[in-house]
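Now for the letters of each chain:
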Protein chains: 2
Amino acid sequence: MTQYTRRLFIETISAGLGAAVSHPSFAARNDADQPPARKLNVALCGLGRYANVLRSGFAESRYCRLAGIVTGTPAKAAQWQQDYKLADRNVYSYQTFDQLKNNPDIDLVYITLPNGMHKEYTIRAAQAGKHVIVEKPMAFTVRDCQDMIDACQKAGVQLAVGYRLHYEPHHSELMRLGQQNIFGPVRLIDASLGYQLAGTPPNDWHLKKSLAGGGPLMNLGVYCVQSGRYVLGEEPLSVTAQYGPVTMPSLFKEVEENITWQLTFPGGAVCTSATTSNCNIDRFYAAADNGFFELNPALSYGPFKGRSSQGPFNFPVVNQQAALLDDIGRHILEKKPLPSHIAGIEGLKDMRVIEGIYRAADTGSKIILPQG
Amino acid sequence: MTQYTRRLFIETISAGLGAAVSHPSFAARNDADQPPARKLNVALCGLGRYANVLRSGFAESRYCRLAGIVTGTPAKAAQWQQDYKLADRNVYSYQTFDQLKNNPDIDLVYITLPNGMHKEYTIRAAQAGKHVIVEKPMAFTVRDCQDMIDACQKAGVQLAVGYRLHYEPHHSELMRLGQQNIFGPVRLIDASLGYQLAGTPPNDWHLKKSLAGGGPLMNLGVYCVQSGRYVLGEEPLSVTAQYGPVTMPSLFKEVEENITWQLTFPGGAVCTSATTSNCNIDRFYAAADNGFFELNPALSYGPFKGRSSQGPFNFPVVNQQAALLDDIGRHILEKKPLPSHIAGIEGLKDMRVIEGIYRAADTGSKIILPQG
């Protein structure tokens, strides 16, 4: 097990210790007066690290249940089938994936495959008539994101991106403080996330361009980009970016080891970020005209700790994965369109920025980002 | 009084409440076994904001005393002359400044004038045969810094720059943790400092290019540059930089309102910084292979608060100004050369980086910094 997965494993365990408390601002989203007539049946596609994180989410979800799996590893299939008492007909391999279209037991496919497989399996799931949740980063390019959105629309299914932090009360507070100008306009945001990957096996998919699409920017930086966008409630206008020195050349042959970037926003705010695989960092800070607010830890799985210039935050630990599953499950069961913050368009908007960051770092030039 | 000076005033008062405690690592510098036979006689040149901050430094200094003043404002002259019981012959105007050469009561001139006057008055003080402390930023260009160093050398006087944070125990700890690789090599530093200047009168010298030399980079960013250099114990190799949006165009007509930059260092570390006049920020964070260390507040007058991955720091509040005066005073009284961290060369090294930052921001290009 790499240091990376060990760390995340420990965080997952810790997060699991906190009960899935309903924060007042989340009640409207998650707690219907009555339990749903039935739960949404979810097939988990790709039984890697994040699939294991999702176990506690399913355990606490009121609207979704784990009803099927897709895996290429027989040992994993056996373990998960046993853990969740899955019928044989709900266990798929990548060869049999498309037969999902004949399975009424499955409503939605949750794709936790390596990034490079997100596009293909999203489109194949849509073509099988299943709703989709795809993990971040949604894909490698804006064009890919659009293809995925189009495929789901054509198939009449809904597409969600696994943006768990929209269901976390500290982050809801950041959004409120920023978007409502509680301390006046936000002027400067610093949002950074990194994990030390020294010791990772060189064949880990996170180090392969074809599977990861990039380095930490793809896997972690997307959270920094998200946070700037949702705290300001704006889309960035321009970006500059810089690759840092490669300190582990034996690992980082295909993807960046670390990268810094700076986004400007229409209201005059600047958002600076670093994401890296050579050290641990997990911080968010926003300075506004009349105060500040910050989280540290900020963007990982938590538990989070934060404060504003008026004092410490005091929000409960929630099960982000359960809350996300519940919101998506409820909307789909009620045949309502997903909120835009969790829909495919949100992943596409992040990808616009990420493409811009790579172009800026590759060219050394300021990149004007496409709008609208 | 502007918001800027109000804030600094409050900080000064607060800092004054802490006794000038001798931290063990500072004892060697500041506490000789016996008091000196006589104190070094200092003339303060420019009785603005920072001169008032220095009052508590002189009050607690064992090696320096305030023995004279240089001011263009008769009311200030009267007030300071009364406060410090100064003889008429030790009170100068800018017209009579050069007559200092005939005054054996003055050993050193401490220049707290606006930045744009640092070079001229350093050279004139040297020509009057006086040692010099000049506030940061030392000057506007590397060339100016070199001229100042040369003038002092030619005159046989010593030149110091007022780098107070070298005499502050939290910062000594940052240096120890970083330079000695206590948590392994440092990979990423974020050091940012800014003050909200909304409400500043448009004629404030900080807003004038001819007097300030630039915006917050000159006045505040120099601390960020310093901290990266002294925590790593290295000189940066290259820099990229970006001006942010101007949100107060009526104030920021001549100098930058805010700027972000990224330095790369020989050991592979990256140091990212923001300095701004449109919000308050005061943070330092360093991530190393096996841990982190941080201060928040970090670079202002304090009091500072910090921790490492091993727990919170517990250092006393020291009077930075008194400690700085004592170290400089002791060296000069003992006719020893000043340590390089406080000598003119240190100001020149910072100016190399600051010139590079402005060039990088002006050109949008990565700038390779001169070494050696």
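Residues numbered from 1 in each chain as written. Chains lettered and ligands numbered in written order. Predicted model: local features only at pLDDT ≥ 70, side-chain atom pairs only at ≥ 80, totals over all residues. Heavy atoms only, no water.

## A look at the relation of the copies chain B and chain A
Piece 1. Superposing chain B onto chain A requires a rotation of 180° together with a translation of 0.0 Å along the rotation axis, leaving an RMSD of 0.0 Å. Taken together, these values place the two copies in the relation of a two-fold axis.
Piece 2. The fraction of interface residues of chain B whose copies in chain A are also interface residues reaches 97%, indicating that both copies meet through the same surface. (Least-squares fit on C-alpha atoms with pLDDT ≥ 70 in both. Contact = heavy atoms within 4.5 Å.)

## Section: the packing of helix α9 (residues 216-232) of chain A against helix α11 (residues 344-363) of chain A
Residues and elements named next belong to chain A.
Piece 1. Close contact between α9 and α11 brings their axes to 10 Å; oriented N to C, the two are set at 110°. Considered as vectors, α9 and α11 are oriented roughly perpendicular to each other. When you trace α9 past α11, the crossing you get is right-handed. In contact with Leu217, Met218, Val222, Val225, Gln226 and Arg229 of α9, α11 contributes Glu346, Lys349, Asp350, Met351, Val353, Ile354, Ile357 and Tyr358.
Piece 2. When grouped by side-chain class, the residues that make up the contact of α9 with α11 number nine nonpolar, one polar and four charged. (Axes fitted to C-alpha atoms, helices over the stretch in contact; angles between N-to-C directions. Helix = DSSP H or I, 4+ residues; strand = E, 2+ residues; numbered from the N terminus. Parallel < 35°, antiparallel > 145°, perpendicular 65-115°, else oblique. Left-handed = near helix turned anticlockwise from the far one by under 90°. Nonpolar A, V, L, I, M, F, W, Y, C, P; charged D, E, K, R; others polar.)

## Thoughts on α9(A)
Residue and element names in this part refer to chain A.
Piece 1. The terminal C-alpha atoms of α9 lie 23 Å apart, and with 17 residues this matches the ideal 24 Å at 1.5 Å per residue to within 8%.
Piece 2. In the structure, α9 departs most strongly from a straight axis at Val222, where the bend amounts to approximately 40°.
Piece 3. Across the 17 residues that make up α9, a large majority, 17, are buried. (Expected span 1.5 Å × (residues − 1). Bend = angle between axes of the 7 residues up to and from the residue. Buried < 20%, exposed > 50% of the residue type's maximum accessible area, 1.4 Å probe, protein only.)

## Topic: the UniProt feature "domain: GFO/IDH/MocA-like oxidoreductase" (unreviewed entry) in chain A
Piece 1. As annotated in UniProt, the feature "domain: GFO/IDH/MocA-like oxidoreductase" (unreviewed entry) corresponds to residues 175-281 of chain A in the numbering used here.
Piece 2. Secondary structure across residues 175-281 of chain A divides into 24% helix and 28% strand, with the first and last C-alpha atoms of the span separated by 21 Å. (UniProt positions renumbered as here; feature names shortened; annotations may be inferred.)

## A word on the pattern of salt bridges
Residues and elements named next belong to chain B.
Piece 1. All chains considered together, the criterion is met by 40 salt bridges over all chains.
Piece 2. For Arg187, the salt bridge identified is with Asp289, shortest N-O distance 2.7 Å. In this pair, Arg187 sits in strand β7 (residues 186-194) while Asp289 sits in the loop between β11 (281-288) and β12 (291-295), placing the two residues 102 residues apart along the sequence.
Piece 3. The residue Glu235 makes a salt bridge to Arg229 at a minimum N-O spacing of 2.9 Å.
Piece 4. A residue is classified by how much of its surface remains accessible, and Glu235, at 25% relative accessible area, is partly exposed. (Salt bridge = Lys/Arg side-chain N within 4 Å of Asp/Glu carboxyl O.)

## Observations concerning the UniProt feature "domain: Gfo/Idh/MocA-like oxidoreductase N-terminal" (unreviewed entry) in chain A
Piece 1. Mapped onto the present numbering, the UniProt feature "domain: Gfo/Idh/MocA-like oxidoreductase N-terminal" (unreviewed entry) falls at residues 40-163 of chain A.
Piece 2. This span, residues 40-163 of chain A, is 38% helix and 21% strand, and a straight line between its end C-alpha atoms measures 19 Å.

## Concerning the confidence of the model for chain A
Piece 1. Residues of chain A with pLDDT of at least 70 account for 91%, and the chain-wide mean is 92.
Piece 2. Low pLDDT, under 50, characterises residues 1-30 of chain A; the stretch is placed with 55 contacts to residues that sit more than four places away or in other chains. (pLDDT = per-residue confidence, 0-100.)

## Considering the domain arrangement of chain A
Residue and element names in this part refer to chain A.
Piece 1. Split into domains, chain A comes out as domain 1 (3-164 + 324-338) and domain 2 (169-311 + 350-368).
Piece 2. Its C-alpha centre places domain 1 at a distance of 25 Å from the equivalent point of domain 2.
Piece 3. In this complex, domain 1 contributes 26 residues to the contact, which on the side of domain 2 involves 28 residues.
Piece 4. Here domain 1 and domain 2 share an interface that buries about 2400 Å² over both sides, 60% of which is from carbon and sulfur atoms.
Piece 5. Run the count over domain 1 and domain 2 and you get 11 residue pairs in polar contact (both at pLDDT 80 or more). (Domains from an automatic or database assignment. Buried area = accessible area lost by both parts, 1.4 Å probe. Polar contact = N/O pair within 3.5 Å; in protein donor to acceptor, adjacent residues only side chain to side chain.)

## Structural notes on the pairing of strand β2 (residues 64-70) of chain B
Residues and elements named next belong to chain B.
Piece 1. Buried residues dominate β2, accounting for six of its seven residues.
Piece 2. Bridge count for strand β1 (residues 40-45) against β2 is six bridges, and the pairing is parallel. Counted as the bridge partner of Leu40 is Cys64 from β2.
Piece 3. As paired strands, β2 and strand β3 (residues 91-92) are joined by two bridges and run parallel to one another. Residue pairing for β3: Val70 is matched across the bridge by Tyr92.
Piece 4. Handedness of the β2-helix α4 (residues 74-84)-β3 crossover: right-handed. (Pairing = 2+ DSSP bridges. Right-handed = clockwise from strand over helix to strand, strands pointing away.)

## Remarks on the sheet that holds strand β9 (residues 258-264) of chain A
Consider a sheet: its strands pair through backbone hydrogen bonds, and that pairing is either parallel or antiparallel.
All names here are of chain A.
Piece 1. Within the open sheet, the nine strands sit side by side as β14-β13-β12-β11-β7-β10-β9-β8-β15. Their pairing is mixed. Each having just a single partner strand, β14 (311-312) and β15 (367-368) make up the two edges of the open sheet.
Piece 2. Relative to β14, strand β13 (residues 306-308) is paired through two bridges, and the arrangement is antiparallel. Each bridged residue has a counterpart across the sheet, and for Arg307 the counterpart in β14 is Pro312.
Piece 3. Against the sheet, α9 engages β7 (186-194), β9, β10 (270-276), β11 (281-288) and β12 (291-295), with an angle of about 160° to β7.
Piece 4. Most of the contacts of α11 go to strand β8 (residues 238-243), to which it runs at about 55°, and overall it touches β8, β9 and β15.

## Here's the deal with unusual backbone geometry
Piece 1. Looking along the chain, the bond that leaves Gly302(A) and enters Pro303(A) is cis, with omega of 0°.
Piece 2. Mapped onto the elements, Pro303(A) comes out in the loop between β12 and β13.
Piece 3. Between Asn296(B) and the following residue, Pro297(B), the backbone shows a cis peptide bond with an omega angle of 0°.
Piece 4. Its location among the elements puts Pro297(B) in the loop between β12 and β13 (306-308).
Piece 5. At Lys335(A), a residue that is not glycine, the phi angle is positive and equals roughly 55°.
Piece 6. Relative to the helices and strands, Lys335(A) resides in the loop between α10 (320-333) and α11.
Piece 7. Of note in the backbone geometry, Lys85(B) takes a positive phi value of approximately 50° without being a glycine.
Piece 8. By the secondary structure assignment, Lys85(B) is in the loop between α4 and β3.
Piece 9. Look at Lys85(B) and you get exposed, because its relative accessible area is 74%.

## Some points on the side chain of Lys136(B)
Residue and element names in this part refer to chain B.
Piece 1. For Lys136, the position within the fold is in the loop between β5 (131-134) and α6 (142-155).
Piece 2. Look at Lys136: it is buried, it has no salt bridge, and the nearest opposite charge is Glu135 at 5.1 Å.
Piece 3. A polar side-chain atom of Lys136 sits 2.7 Å from the main-chain carbonyl oxygen of Asn219.
Piece 4. Other than its neighbours up to four places away in sequence, Lys136 contacts Asn115, His118, Val161, Gly162, Tyr163, Asn219, Val222 and Tyr223. (Lys, Arg positive; Asp, Glu negative; His and termini not counted.)

## A word on the interface of chain B and chain A
Piece 1. Across the boundary between the two partners, chain B contributes 31 residues, which contact 30 residues of chain A.
Piece 2. Across the pair Arg283(A) and Glu294(B) runs a salt bridge whose closest N-O atoms are separated by 3.7 Å.
Piece 3. Joining chain B to chain A, the criterion identifies eight residue pairs in polar contact (both at pLDDT 80 or more).
Piece 4. For the side of chain B that touches chain A, the elements supplying multiple residues, two or more each, are β7, β8 (238-243), β9 (258-264), β10 (270-276) and β11 of chain B.
Piece 5. Of all the elements, β11(B) adds the most residues to the side of chain B that touches chain A, at five residues.
Piece 6. Looking at side-chain class alone, the side of chain B that touches chain A contains nine nonpolar, 16 polar and six charged residues.

## Notes on the packing of aromatic side chains
All names here are of chain A.
Piece 1. In the structure shown here, the tally under the stated rule is 16 aromatic pairs over all chains.
Piece 2. Taking the centre distance of 5.7 Å and the plane angle of 10° together, the rings of Tyr285 and Phe292 count as stacked. Like Tyr285, the residue Phe292 is buried in the burial classification.
Piece 3. Three or more aromatic residues joined by ring pairs form one cluster here, namely Tyr94, Phe97 and Tyr121.
Piece 4. It is Arg55 that lies over the ring of Trp80; its NZ or CZ is 4.0 Å from the centre. (Phe/Tyr/Trp six-rings, centres within 6.5 Å; stacked < 30°, edge-to-face > 60°. Lys NZ or Arg CZ within 6 Å of the ring centre and 35° of its normal.)

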